[in-house]
Structure formats: structure tokens, C-alpha cells
Amino acid sequence: MASRLRGKRSTRPAQTVLLAGLLLAGTALAPMASATPSPVYKNPHASVSARVNDLLKRMSLDDKIGQMVQAERGAATPEQAAAMKLGSILSGGGSVPASNTPTGWADMVDAYEKAALSTPLGIPTIYGVDAVHGHNNVYGATIFPHNIGLGAAGDPQLVERIGRATAEEVASTGPQWDFSPCLCVARDDRWGRTYESFGESPRNAVENSSVITGLQGNELGAKKGSVLATAKHYIGDGGTTAGVDQGNTQISEQELRKTHLPPFKEAIKRGVGSVMISFSSFQGVRMHAQQYLITDVLKKELGFSGLVISDYNAINQIDGQDGFTHEEVRASVNAGIDMFMVPWDAPQFITFLHDEVAAGTVKMSRIDDANKRILGEKFKLGLFEHPYADRSLQKTFGSKDHRDLARQAVRESQVLLKNDGVLPLDKKNDKIFVAGKNANDMGNQSGGWTLTWQGQSGPVIPGTTILDGIKSKAGKGSTVTYDRAGDGIDPSYEVAVAVVGETPYAEGQGDRPSGFGLDAEDLATIAKLKATGVPLVVLTVSGRPLVLTDQLPQINALVASWLPGSEGAGVADVLFGDYNPTGKLSVSWPASAAQEPVNVGDGKKPLYPYGYGLKYERGGHH
Ligand code: GLC
């Protein structure tokens, strides 16, 4: 009996065929496993498009609509998520498992995957988080400088490495999707999300979109620790009038294309797998209803083939009323959004979209386009092959390598704005007085999106404060005294360092419509230190430039430290000259808030212009 070896006839000489026949006869009686081939979509060697098309054919309308919905982990257990056939789960800022550790996260995310894989089609869910300066929701993660500091560093290769490190820490705990980077071009520093921007010129976001390659790898899913990146928020989030968060971007389409579109073009060139739509409006129409900009420009003109996701409850704002309606579901789906972040309202969204499809107001072709994009990213990511957390990467979580990388980023992000020679500080026989609310505060130096959505003051995460760095750098014969208010300062000190600035905030809570200067506490601290006549170094730890024109004459040296994150000691590396500052302003530093918006090339005269940054005259080695 000639054997059908793997679907083709044996062509061997007769005696072999006879022997093969005898052998097979011996086993012919054993029940053969059913030979039904596994479906194409489960075959990792099949092309992504073949897998997508095969799976799509097997999906009911229920499956397809469920795939387009993302719920908050707090709103759906793994079983409920699987029952609704949800395509994705997210952790909003600060939404963490009971045990906020890598294992706690991996167990949580794996539970959602296990439930999803137990459904008839076994489509894995994709879990999203905001890891916008490291895996910032998780205690013990490496917290990198926020984007405004990275923009000042002007080192896209470093930023790519930060993306890679962040992806490793994220993937090690389960999530496969990072709602990052923000490629916003912040044009008005009154905006609460200024610190999430790499800078006021599109060039800053274009260059630093290298973080996408770090997060995804050169090809999504090609190697361990690859996570889906998100170019956000499309489009014009940083260009709203007066910097109002979720406000109205009232500029021409030509200006929109010139200032806010280039970063998305670059992100697409780098293969970004998802784009998040902005809360803001363009010319009075909410972005979440902008079919021309989403479908005609982003998907067709720019050729974006990944998935488009809405922002958090953002479709509710289309009609200006609370909650969402059938009309808003129809408008946002037809505008070209594929995945809907409806954290607490998944069931209602599913019902409404079913109604719209039944009514023929949303076409199946739109539903299928959304599913093809979502499933395409899941297949590319390798989610069907390895849906569970890659716990082998947990050795990188908060690792020394990652913290050293973060410290290097802190060094490179420092911008020296003024220096009469008081910097660099002496390393020996010095007498240093350190003051200010941000000198010894991990939470303040990390800013928003740290452990919680808004962030918080205090010793909230492990790492080094700026004071820690100064203490460890001050060498033999030196003394370092710290008092937050500056009490105890006297003329015997060689130098006083005041670390001032902002306390944490995120999004609209960071809007400063009436301006942004030093607060009363900081002004009092500076005055107290100055009264002794001791030379004064001021560091601003903040998510934006701070107006300090009036205080400048009393200040001997001024450094913009931005929001350095967990490795604050990197600031001291610059103060003591172990790293000669290289940072350059990626935002114009206003002389007064009344100047806002003030941007490179607009003819206004800021206190310090875009691109400004000093070095030490002498010494200081990289
Ligand atoms: C927030 C932000 C967005 C974030 C999302 C999920 O409101 O606008 O940047 O990715 O919701 O947390």
C-alpha cells in the first residue's frame, strides 16, 4: 500500500513500498487522530493577510463588534470580557492589580488572556497601558524623564533605547500595548500636557519618534519585548487656543499639516501599529468625528494600515452632552475609528453599534475594515503564538542597566540657562546648603503619570532624589545641609542650591490659564537664601518653563531640570561637572505668560530662545 506521506505519494522502489505498507497495516487498526487541518488563522507560517481573512470569515457580527471594544480592567472580569468577546482591556492611569508588582500584573493580564483563549475562536485580547516615561503604573519600574526633558536632550538614539527598555519592562509584566509616544507639538505652555511633548517644533517629535522603534522593534513582534506603540493624539492636541486641554485647534488645515502632521508621517514610516485620536476639536469639530482627517488623510493619504483607537470616553464629547448616543457611535465608527476605549460602557457601546449595523447606518465593510486592522496588529505582534507575559524579561524590570540609561537621559536633559561661574560645584571642601520643595521629593521630580494618573508628592517610588545625588557627589571635607524652607542658612555656606518648581499633575489639571511662575513657597525659599548673600543656584523641576524674570537678577546659576524621574542623581552629575551640560531648550522660555503662545520663529522675544543652552567654560567631562 503506497503511503501518502504528508499529502504526497511515495515514489520509492517496490520493496520499500511493500515494507511501508506492512508497517502501516500494523498500525491501520489504531484509531488515527482526526486529520482535520488546523485553521489557517492559527498557522504562524501563514501570511498575516491570509490569517486575517480566514479568521474574519469565521467571525459572527457579535465577534466582530466585540473585537472593536476596549474596557477598563475594573469594569470587566476576565470571564465577563471573554463573554463580551472584547478585543482589548486597558489599565487607565493608576488602575493596578492588588499586588502592584511584575508578578501581580503578569497574573492579572494572563488571566484575561486565558479567558479569551477559551472562547470558540480563541482570539487573544490585547492589554493596553500608558507607559509614557517607563512602565510608570508599576511600583519599582524605571521612571525616565518626561518627554519635555528628552526633547532638550536632543538624542534620538538614546530615546530609542529608552523605548526598548520601557518595552522590556512592560512586556515582562503582561501588557502588549503601550499608549505611547505622545507626538504632540505643544505650542502654548499653559497646556497641562506640555511635559508630554518633545517640544514646540514638529522636528522634536519627528526626531524622537525613534522611541517607536524602541518600543516595537524594527518590525513589530519580531523579537522578545516588542509592544504595540501608539502615536498620539491625532491631531492638533498641542495646538488648541490658549493651550486649553481638549480644547479647539483653530488654525488652517495648512498650518495643521505643517506643524502637527509631520510626527505622524514619521511614526507611520517607522511602522507604528496604532494611532490614538485626540480629545480636541479642529475648527470646532471634535476630532473623534473627523472622517476627512481620520479616513481620507491618515488612512488613505498617509497610508496608515494599523488600528485607530479613540481616547478615554472621548466619543461622549462629540455632541457636547454627557454619555454617548447612537449618533455619536455612528459618527465615530464611520469617521474611521477602529477600537473604542469605552472603559465603563462596553455593553452599551456594543448594543448601540449592533443597532447601527442593523439600521444600515454603519456598513459591514466598515466593521470588517476595523477588524482587519485590529487582527492584523495582533497577528503581527505574535499575540496568537505567545499571548502570555514574558516573565523571563522581569530581570530587566527596574534593573541597574535601565536605571543607568535613565540617569544618562537625566544628564543629557539638563539645560544650563545662566551661570556666573558658580557652577560646576566643587567636589571637596565645599559647604553646600540645599533647599526647596523639589530637592528631596521622588514624586515631584517624576511628575504626572507616576503610580497614579495625576502623580503625587512624597517618597512614592524607589530611586534617587536630586538631594541624594548632591550628597553622594560632595566629596572629602564637604558638608551638605538640607532644609526645605532654607532655615539654617548663613553666610558661612559657599553656595545655596534651591530646587523649586511644580507638583505633579496630568492633562487638564495641569492647565495654567492665568500663567505659570514660581509659587509663594519657592519665592520665600529663594528670598531667605538670597538674604544671606550666599551665591544661589536655582533648579526648576517642572513640566514646563516657569516665568522667573523678576527673580533672575538674584540668581547666579539657573538649570532647567524638567521632570527627571526616578534617577534624580543624574542632575548632580551635571551640577558637579561630571557631565558638561549639553541640553538645549526644545521650548521657548517665556519672559512672561502674556507672551504665550511663544514659539521659535514667531518674532517674539522670549527670556531664553528655542535651542538655547550653555556649557561650562572649563572642565566638566562627559
Ligand atoms: C487619557 C489620555 C490618553 C491616555 C488614555 C488612557 O485620557 O488622554 O493619553 O492614553 O486616556 O489612559
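Quantities reported herein were computed from a predicted structural model and do not represent experimental measurements.

**A word on the overall build of the protein**
The helix and strand inventory of the protein stands at 20 helices and 19 strands. Computed over its C-alpha atoms, the radius of gyration of the protein comes to 28 Å, within 12% of the 25 Å expected for a compact globule of 622 residues. Taken over the C-alpha atoms alone, the protein extends approximately 100 × 55 × 40 Å along its principal axes. Sorting the 622 residues of the protein into buried and exposed places 60% on the buried side. Long-range contacts, defined as pairs at least 24 residues apart, comprise 77% of the intrachain contacts of the protein with a sequence gap of at least 6. In the structure as shown, the protein presents an accessible area of about 22,900 Å², 55% of it carried by carbon and sulfur atoms. Here the protein contributes 61 positively and 66 negatively charged side chains, and the mean placements of these two sets differ by 8 Å.

**Section: helix α14 (residues 346-358)**
For an α-helix, 3.6 residues make a turn, and residues three or four places apart therefore share a direction. The first and last C-alpha atoms of α14 sit 18 Å apart over 13 residues, in line with the 18 Å expected at 1.5 Å per residue. Every buried residue of α14 is listed here: Ala346, Phe349, Ile350, Phe352, Leu353, Glu356 and Val357. Residues of α14 that are buried sit in contact with α3 (61-67), β3 (69-72), α13 (326-335), β13 (340-341) and α15 (364-381). Positive phi appears at Gly360, one or two residues downstream of α14, with a value of about 80 degrees.

**Thoughts on the sheet that holds strand β8 (residues 248-249)**
Overall, mixed pairing links the 3 strands, which are arranged β8-β10-β11 in an open sheet. The open sheet has two edge strands with one neighbour each: β8 and β11 (285-286). The sheet contact formed by strand β10 (residues 281-282) and β11 spans 2 bridges and is antiparallel. Its bridge partner being in β11, Phe282 is matched across the sheet by Val285.

**Considering the layout of surface pockets**
The computed volume of the largest pocket comes to approximately 390 Å³. The wall of the largest pocket is formed by 25 residues, among which Asp311, Tyr312, Trp449, Trp453 and Glu507 lie closest to the centre. Per-class residue counts for the lining of the largest pocket are 10 nonpolar, 8 polar and 7 charged. Two domains share the lining of the largest pocket, each providing at least three of its residues, namely domain 2 (39-395) and domain 3 (414-595). What the second largest pocket holds in volume is close to 250 Å³. What lines the second largest pocket is a set of 18 residues, among which Ala171, Gly225, Ser226, His386 and Asp390 lie closest to the centre. Tallied by class, the residues present in the lining of the second largest pocket amount to 9 nonpolar, 6 polar and 3 charged.

**Considerations on the state of the cysteines**
In total, this model carries 1 disulfide according to the counting rule given. Disulfide partner of Cys182: Cys184, at an S-S distance of 2.5 Å. Taking the torsion about the sulfur-sulfur bond, which here is approximately 135 degrees, the covalent link between Cys182 and Cys184 counts as right-handed. According to the relative accessible area criterion, Cys182 is buried, its value standing at 3%.

**Describing the nonpolar core**
Among the nonpolar cores identified, the biggest contains 95 residues, and Leu86, Tyr234, Phe349 and Leu353 are the most heavily contacted of them. Broken down by element, the residue count for this core peaks at 7 residues, all from helix α7 (residues 156-172). Of the residues that make up this core, three or more belong to each of domain 2 (39-395) and domain 3 (414-595). The contacts of Phe349, once residues within four sequence positions are left out, are Val69, Ile315, Phe324, Val329, Val333, Phe340 and Val342. Core analysis: the second largest hydrophobic core is formed by 63 residues, Tyr493, Ala496, Leu529 and Tyr579 among them.

**A look at the site of the ligand**
In the neighbourhood of the ligand, the contacting residues comprise Asp130, Phe179, Arg193, Lys232, His233, Met276, Phe279, Asp311, Tyr312, Met341, Trp449 and Glu507. Arg193 places a side-chain nitrogen or oxygen 2.9 Å from an oxygen atom of the ligand. Contacts to the ligand include Glu507, whose side-chain N or O atom sits 3.1 Å from an oxygen atom. Mapping the ligand onto the cavity grids shows that it belongs to the largest pocket. Looking at the shell around the ligand, its residues break down into 6 nonpolar, 1 polar and 5 charged.

**Topic: helix α16 (residues 400-413)**
Given a rise of 1.5 Å per residue, 14 residues ought to cover 20 Å, and the 20 Å separating the end C-alpha atoms of α16 matches this to within 8%. Along its buried surface, α16 packs onto α6 (147-153), α7, β14 (415-419), β19 (557-560) and α20 (569-575).

**Let's talk about the side chain of Gln595**
As for its position among the elements, Gln595 is in the segment after α20. Gln595 sits in the buried class, given a relative accessible area of 15%. For Gln595, the side chain forms a polar contact with the main-chain oxygen of Lys605, separated by 2.7 Å. The contacts of Gln595, once residues within four sequence positions are left out, are Pro590, Lys604, Lys605, Pro606 and Leu607.

**Some thoughts on the pattern of salt bridges**
Here the structure, examined in full by the defined rule, presents 39 salt bridges. With its nearest N and O atoms 3.7 Å apart, the salt bridge here joins Arg193 to Glu507. Pair noted here: Arg193 is in the loop between β6 (177-178) and α8 (202-208) and Glu507 is in the loop between β17 (495-501) and α19 (520-531), with a separation of 314 residues, a long-range link. The class of Arg193 is buried, set by a relative accessible area of 4%. Given a relative accessible area of 11%, Glu507 falls into the buried group. Put simply, Arg407, Arg411, Lys427, Lys473, Asp573 and Asp578 are held in one network by salt bridges that share partners.

**Thoughts on the packing of aromatic side chains**
A full pass over the atoms with the stated rule returns 13 aromatic pairs. Taken together, a centroid distance of 6.1 Å and an interplanar angle of 55 degrees make the contact between Tyr112 and Tyr127 tilted. Of this pair, Tyr112 sits in helix α5 (residues 102-117) while Tyr127 is found in strand β5 (residues 126-129), placing the two residues 15 residues apart along the sequence. Ring pairs connect the aromatic residues Phe324, Phe340, Phe349 and Phe352, which therefore count as one cluster. Geometry around Trp449 places Lys232 over its ring, the cationic atom sitting 5.9 Å from the centre. The side chain of Lys431 reaches across the aromatic face of Tyr493, ending 4.6 Å from its centre.

**A word on the domain arrangement of the protein**
Each assigned domain of the protein is listed with its residue range as follows: domain 1 (6-36), domain 2 (39-395) and domain 3 (414-595). Computed over C-alpha atoms only, the centres of domain 1 and domain 2 are separated by 51 Å.

**A word on empty space enclosed by the protein**
Rolled over the atoms, a probe with the dimensions of a water molecule shows which regions are left empty. Scanning the entire structure with this criterion turns up 5 cavities of 30 Å³ or more. A class-by-class count of the residues in the lining of the largest cavity yields 9 nonpolar, 6 polar and no charged. In terms of lining residues, the second largest cavity is bounded by Trp191, Arg193, His233, Asp237, Thr240, Asp245, Gln246, Ser278, Phe279, Ser280 and Asp311. Per-class residue counts for the lining of the second largest cavity are 2 nonpolar, 5 polar and 4 charged.

Conventions adopted
Residues numbered from 1 in each chain as written. Predicted model: local features only at pLDDT ≥ 70, side-chain atom pairs only at ≥ 80, totals over all residues. Heavy atoms only, no water. Helix = DSSP H or I, 4+ residues; strand = E, 2+ residues; numbered from the N terminus. Rg over C-alpha atoms; globule rule 2.2 N^0.38 Å. Buried < 20%, exposed > 50% of the residue type's maximum accessible area, 1.4 Å probe, protein only. Contact = heavy atoms within 4.5 Å. Areas by Shrake-Rupley, 256 points an atom, 1.4 Å probe, with all protein chains shown as cover. Lys, Arg positive; Asp, Glu negative; His and termini not counted. Charge placed at Lys NZ, Arg CZ, Asp CG, Glu CD. Expected span 1.5 Å × (residues − 1). Pairing = 2+ DSSP bridges. 1 Å grid on protein atoms, 1.4 Å probe; cavity = no way out; pocket = protein on both sides within 12 Å on 5 of 7 lines; lining within 4 Å. Points joined across faces, edges and corners; volume = space filled by probe spheres on them. Nonpolar A, V, L, I, M, F, W, Y, C, P; charged D, E, K, R; others polar. Domains from an automatic or database assignment. Disulfide = S-S within 2.5 Å. Core = buried A, V, L, I, M, F, W, Y, C linked by side-chain atoms within 4.5 Å. Near = heavy atom within 4 Å. Polar contact = N/O pair within 3.5 Å; in protein donor to acceptor, adjacent residues only side chain to side chain. Sits in = over half its atoms within 2 Å of the grid points. Salt bridge = Lys/Arg side-chain N within 4 Å of Asp/Glu carboxyl O. Phe/Tyr/Trp six-rings, centres within 6.5 Å; stacked < 30°, edge-to-face > 60°. Lys NZ or Arg CZ within 6 Å of the ring centre and 35° of its normal.

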